[in-house]
Protein chains: 2
Amino acid sequence: MAVYTEIGDEDLARLLADYDIGEPLALKGIAEGVENSNYFLQTTKGRFFLTLYEKRVDEGDLPFFMGLLEHVAAGGVTCPAPVHGRDGRIVRRVAGRPAALVTFLDGVSPKRPSVAQCGEAGAALARLHEAGRGFALTRPNALSIAGWPALAKASEARANEVAPALRETITAELAHLQAVWPRDLPSGVIHADLFPDNALFVGERLTGVIDFYFACNDAFAYDIAIGLNAWCFEPDRSFNITKARALLSRYQAIRPLQADELAALPILARGSALRFLLTRLHDWLNHDRAALVRPKDPLEYLAKLRFHQHVSDANAYGL
Amino acid sequence: MAVYTEIGDEDLARLLADYDIGEPLALKGIAEGVENSNYFLQTTKGRFFLTLYEKRVDEGDLPFFMGLLEHVAAGGVTCPAPVHGRDGRIVRRVAGRPAALVTFLDGVSPKRPSVAQCGEAGAALARLHEAGRGFALTRPNALSIAGWPALAKASEARANEVAPALRETITAELAHLQAVWPRDLPSGVIHADLFPDNALFVGERLTGVIDFYFACNDAFAYDIAIGLNAWCFEPDRSFNITKARALLSRYQAIRPLQADELAALPILARGSALRFLLTRLHDWLNHDRAALVRPKDPLEYLAKLRFHQHVSDANAYGL
């Protein structure tokens, strides 16, 4: 949530000379994104979003992320479209950092998404899954089940400072998921982080899906499970089945789920809850108290995990 | 350089209901301003800048600042124009903070202003001084000569950690300025902080003067002295007389300086250099190392002070 690299007017002039997007009218550092520097750029030809990649994003992944945005934008997903320079390239260096320019999208992220907005999120996931077909590059999901033991290990010594017996809960859940995790579900490119923060709306209409920096190849249904956790719980941690039904039915109107995907949904939802519990727990325990960014509460995901532990089949999600 | 208060989509909807400025399309927190929360707001009717006042700005001063913007905008100054709500009010509360909405101005701040841009800054100061006439409210300049002894006192114990004999330099300069400070110069509303950071340009054309939170009543020529210090030194700390000539001549084309103002310029330039030396020294010594904002170098202003100490008359500024 900060601009780490300052761009002066001379850097900006040099940058724009590489593009055919008009003359600069305004450049404002945006307090958005945790580890990158983001700018709103207005030129005589339009509005753009400039990102300088600081450290959390691996430069080697940029061709995947940028290629994916371009591929799925062409397939009808409302996402930022990368802008090519006069030399044809998307990624270049600005102020010493790898940087990319994409189109600016209207829209505001909802704090408490409505039922209709949850439906829009479901439809967006389905469109993304369909549009991602044929994309040539691949990127493994480092934060799926193979990555969880190391994450759990990193926090185990201090997990019980955060909640009683949290360490034991995590160990048992991980063992269970390793025993039953589904392996052969339909897969492809998933967003893997479609939270309301990463969706833009004008009113009830979704106008943008953003922040593809966790996008990877994994089971489509796992992306839906992430979405159920991210969109369908209320601030009091209760599960809103109406929102889940909206998300799933709008998804299925575009890409119907197979029987094995439906059957796997409760397990995938537990896995997704564990994934965010683990990463949040890590950030919580290793948070620099001086930083402006407040870590997110890991216990929110413990509550979600407990909910899904009591789900026996996908009917609990409104189907 | 940070957003301290987050505005959710519901806060935004509530806010916009109070205005006749269309429907929200985008809201982005801007990494600009040291102590306020600033947002770029795009609606179906235009672009705006929303500020939530956190602590450095005294709420009691907002009628002065907002009234001044409105008064001088009507007088031809290119500055943000406050937007009135349906109830006629400019200042209201958003997310528990005093807040105001102003028009968004195009333009980028120069890191190293050109001669032409220095001229534009001079003309902008003159237009502001003329346009401020007739503004009913007043605000004393807390950071003029009467305020400097307390500032000097606050840093004196540690001043010499920053430069050899800095404490003695400050004490002697303050005594000198108190003996010779001019008292009866033409006065009115001044910006008091017109640095390149607070000016917006599209190419060589000034498109906006922003950040009026130091505006106050004081000698017009003191504002020019601040401008000479802020615009006419090079990064190597040398004085660029061509830039000074541009600033002063464009100023005088709109508001010719009287003989007493010209005569006072070297003393006012020393005073202005001391003022920024003192405030930067204070921030330097009391800087929270964990904060993202890096304090500005006080010694830049010691160098400027030393330059003006050797100036005998305004000819040194290119006149």
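Computed from a predicted structure; not experimentally measured.

(A) Local environment of the overall build of chain A. Looking only at helices and strands, chain A has 9 helices and 9 strands in total. Radius of gyration (C-alpha) of chain A: 20 Å, near the 20 Å computed for a compact globule of 319 residues. Looking at chain A residue by residue over its 319 residues, the buried ones come to 43%. The long-range fraction of contacts in chain A, counting pairs at least 24 apart against all pairs at least 6 apart in sequence, stands at 73%.

(B) Local environment of the relation of the copies chain B and chain A. Here chain B sits on chain A after a turn of 180° about the axis and a move of 0.0 Å along it, with an RMSD of 0.0 Å. Such values leave the two copies arranged in the relation of a two-fold axis. Identified as the residue of chain B closest to the rotation axis by C-alpha distance is Ile30(B), at 2.3 Å. Looking at chain B, 100% of its interface residues are interface residues in chain A too, so the copies touch through the same face.

(C) Representation of the packing of helix α6 (residues 220–231) of chain A against helix α7 (residues 241–254) of chain A within the structure. Residue and element names in this part refer to chain A. Where α6 contacts α7, the axes come no closer than 10 Å and their chain directions differ by 150°. By the angle between their axes, α6 is roughly antiparallel relative to α7. In this structure, the crossing between α6 and α7 has a hand that is right-handed. Taken together, the residues of α7 that come into contact with α6 (itself represented by Ile-224, Gly-227, Leu-228 and Trp-231) are Lys-243, Ala-244, Leu-247 and Tyr-251.

(D) Region of the structure containing the interface of chain B and chain A. With 26 residues of chain B in contact, the opposing surface of chain A contributes 26 residues. Contributing elements (two or more residues each) for the side of chain B that touches chain A: α1 (9–17), β1 (24–30) and β2 (37–43) of chain B. Counting residues per element, the side of chain B that touches chain A draws most heavily on β1(B), at 7 residues.

(E) Here's a closer look at the domain arrangement of chain A. Residue and element names in this part refer to chain A. Taken domain by domain, chain A consists of domain 1 (9–103) and domain 2 (115–317). Contact residues are listed per partner, giving 17 residues for domain 1 and 18 residues for domain 2. Partitioned by chemical class, the residues of the side of domain 1 that touches domain 2 number 11 nonpolar, 5 polar and 1 charged.

(F) Seen up close, helix α9 (residues 298–309) of chain A. All names here are of chain A. The end-to-end C-alpha distance of α9 is 17 Å, a good match for the 16 Å that 12 residues give at a rise of 1.5 Å each. Looking only at α9, the buried set comprises Pro-298, Tyr-301, Leu-302, Lys-304, Leu-305, Phe-307 and His-308. Buried residues along α9 sit against α5 (166–180), α6 and α8 (259–285).

(G) Representation of the nonpolar core. Counting residues in each nonpolar core, the largest one holds 182 residues, and the members touching the most others are Ala221(A), Leu247(A), Ala221(B) and Leu247(B). Those residues in contact with Leu247(B) that sit more than four places away from it in its chain are Cys118(B), Gly119(B), Ala121(B), Gly122(B), Gly227(B), Leu228(B), Trp231(B) and Cys232(B).

(H) Structural detail: the packing of α5(A) against α8(A). Residue and element names in this part refer to chain A. In contact at an axis separation of 11 Å, α5 and α8 are set at 140° when each is read in the N-to-C sense. Judged by the angle between their axes, α5 and α8 are oblique. Judged by the sense of rotation from one axis to the other, the crossing of α5 with α8 is left-handed. For the pair α5 and α8, the contacting residues are Glu-173, Leu-174, Leu-177 and Val-180 in the first and Ile-267, Arg-270, Gly-271 and Leu-274 in the second. Residue classes in the contact of α5 with α8 are distributed as 5 nonpolar, 1 polar and 2 charged.

Scoring rules and cut-offs
- Sequence order as written defines the numbering, with residues in each chain counted from 1.
- Chains carry letters from A onward and ligands carry numbers from 1 onward, assigned in written order.
- Local features in this predicted model are restricted to residues of pLDDT 70 or higher, and side-chain atom pairs are both shown and tallied only at a pLDDT of 80 or more, whereas totals for entire chains, interfaces and linings draw on every residue.
- Each helix is a run of H or I in the DSSP string that is no shorter than four residues. Each strand is a run of E no shorter than two, and both are numbered from the N terminus.
- In this setup the radius of gyration rests on C-alpha atoms only. A globule is expected at 2.2 Å times the number of residues raised to 0.38.
- Every C-beta atom is placed from the backbone, and the number of other C-beta atoms within 10 Å of a residue's own sets its class: buried at 20 or more, exposed at 12 or fewer, partly exposed in between.
- Two residues form a contact once the distance between their C-beta atoms, set from the backbone, is within 7 Å.
- A least-squares fit on C-alpha atoms brings the copies together, and the residues used are those whose pLDDT is at least 70 in both copies.
- Orientation is described by lines fitted to C-alpha atoms, with helices fitted over the stretch in contact, and by angles between N-to-C directions that extend from 0 to 180 degrees.
- In these notes the angle categories are as follows: under 35 degrees is roughly parallel, over 145 is roughly antiparallel, 65 to 115 is roughly perpendicular, and the rest is oblique.
- In this scheme, a crossing is called left-handed if the near helix is turned counterclockwise away from the far one by less than a right angle; it is called right-handed if the turn is clockwise.
- Domain limits in this description derive from either an automatic procedure or a database domain assignment.
- Residue classes follow a fixed rule: Ala, Val, Leu, Ile, Met, Phe, Trp, Tyr, Cys and Pro count as nonpolar, while Asp, Glu, Lys and Arg count as charged, and any other residue, Gly among them, counts as polar.
- Each residue after the first adds 1.5 Å to the expected span of a helix.
- A set of buried Ala, Val, Leu, Ile, Met, Phe, Trp, Tyr and Cys residues, joined to one another through C-beta atoms within 7 Å, is what we call a nonpolar core.

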